[in-house]
Amino acid sequence: MTPEPEISVVIPVYNEEAILFASVAELREKLRDLGLPFEIVLAENGSRDGTLAIAADLEGRFPEVRHFSVGEPNYGRALKQAILGARGAYVLCDEIDLCDVDFHRRALELLLAGEAELVVGSKVLAGARDQRPLARHLATLVISLLLRVLVGFRGTDTHGLKAFRRDALLGTARRCVVDKDLFASELVVRAQREGKRVVEIPVRVIEKRRPAIQLFRRVPRVLRDLLRLFVAIRLRP
């Protein structure tokens, strides 16, 4: 019988048939080195390839893997549902093209020591190594600037790798109203505004494949969601 997980690694996946099986199999092996029971939750969202079938196959092969589908391309909704359904005391938000167990290890040290309730992996903090294309690096800087101006964000990055105590952030996740690209940003901003202990640590980012959704196609949607987030945070806190 698989023990109840202490760690839940939640990963939204969209059109990832090329790397999904190998990435999850490798991540499963590396997570064993952490020495704590874990689960991997794959949150499929609207894939048009074989991602959902591969996720089901992974669940059938490995007792630590679970999957579900939200049925539409919606990263934020998939991530939120995965967080709300996670069983571990510590939730690690990962990306299938990263699977950064070094971040998991460093973040868990802070959480277990009581030095943080939410740890954010920053791609632009001093000491980080962001090896993504320049346009994506600049997009992170611009989004963080807009979040600081519009909703009072205090930090350098909101999207990507995170780890938190589930009991401390579960209510915060439930209160988030923006989905798609900016759910993760709202989670961090709300955690700060609620007085949670939020700590950033630098990460190294080397992606295994090109982004599933092109950056410039996302711009109009991100701008709309920034307006929604402004209303939710500033006008209806």
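Residues numbered from 1 in each chain as written. Predicted model: local features only at pLDDT ≥ 70, side-chain atom pairs only at ≥ 80, totals over all residues. Heavy atoms only, no water.

1. A short note on the state of the cysteines
Here comes step 1: On inspection of all chains with the given rule, the structure shows zero disulfides.
Here comes step 2: Among the cysteines around cysteine 99, which has no disulfide bond, cysteine 93 carries the closest sulfur, lying 13 Å off.
Here comes step 3: Not engaged in a disulfide, the cysteine cysteine 176 finds its nearest cysteine sulfur in cysteine 93; these two sulfurs lie 11 Å apart.
Here comes step 4: On the accessibility criterion, cysteine 176 (3% relative accessible area) is buried. (Disulfide = S-S within 2.5 Å. Buried < 20%, exposed > 50% of the residue type's maximum accessible area, 1.4 Å probe, protein only.)

2. Describing the packing of helix α3 (residues 75-85) against helix α6 (residues 166-175)
Here comes step 1: Here α3 crosses α6 at 140 degrees, and the two axes come no closer than 10 Å. With respect to each other, α3 and α6 are oriented oblique. Note that α3 runs across α6; the crossing there is left-handed. Contacts between α3 and α6 involve Lys80, Ile83 and Leu84 from the former and Arg166, Leu170, Ala173 and Arg174 from the latter. (Axes fitted to C-alpha atoms, helices over the stretch in contact; angles between N-to-C directions. Helix = DSSP H or I, 4+ residues; strand = E, 2+ residues; numbered from the N terminus. Parallel < 35°, antiparallel > 145°, perpendicular 65-115°, else oblique. Left-handed = near helix turned anticlockwise from the far one by under 90°. Contact = heavy atoms within 4.5 Å.)

3. A closer look at the nonpolar core
In globular proteins that are soluble, nonpolar side chains generally tend to be buried together.
Here comes step 1: Residues Ile40 and Leu42 are the most contacted members of the largest nonpolar core, which totals 35 residues.
Here comes step 2: Mapped onto this core, the elements with two or more residues apiece are β1 (7-13), α1 (20-31), β2 (38-44), α2 (51-61), β4 (90-93) and α4 (101-112).
Here comes step 3: Sort the elements by how many residues they give to this core and α4 lands first, with six residues.
Here comes step 4: With sequence-adjacent residues up to four places away left out, leucine 42 is seen in contact with Ile11, Leu20, Val24, Ala55, Leu58, Val65, Arg66, His67 and Phe68.
Here comes step 5: Counting residues in hydrophobic clusters, the runner-up holds 34 residues, among them Cys93, Cys176, Val189 and Leu229. (Core = buried A, V, L, I, M, F, W, Y, C linked by side-chain atoms within 4.5 Å.)

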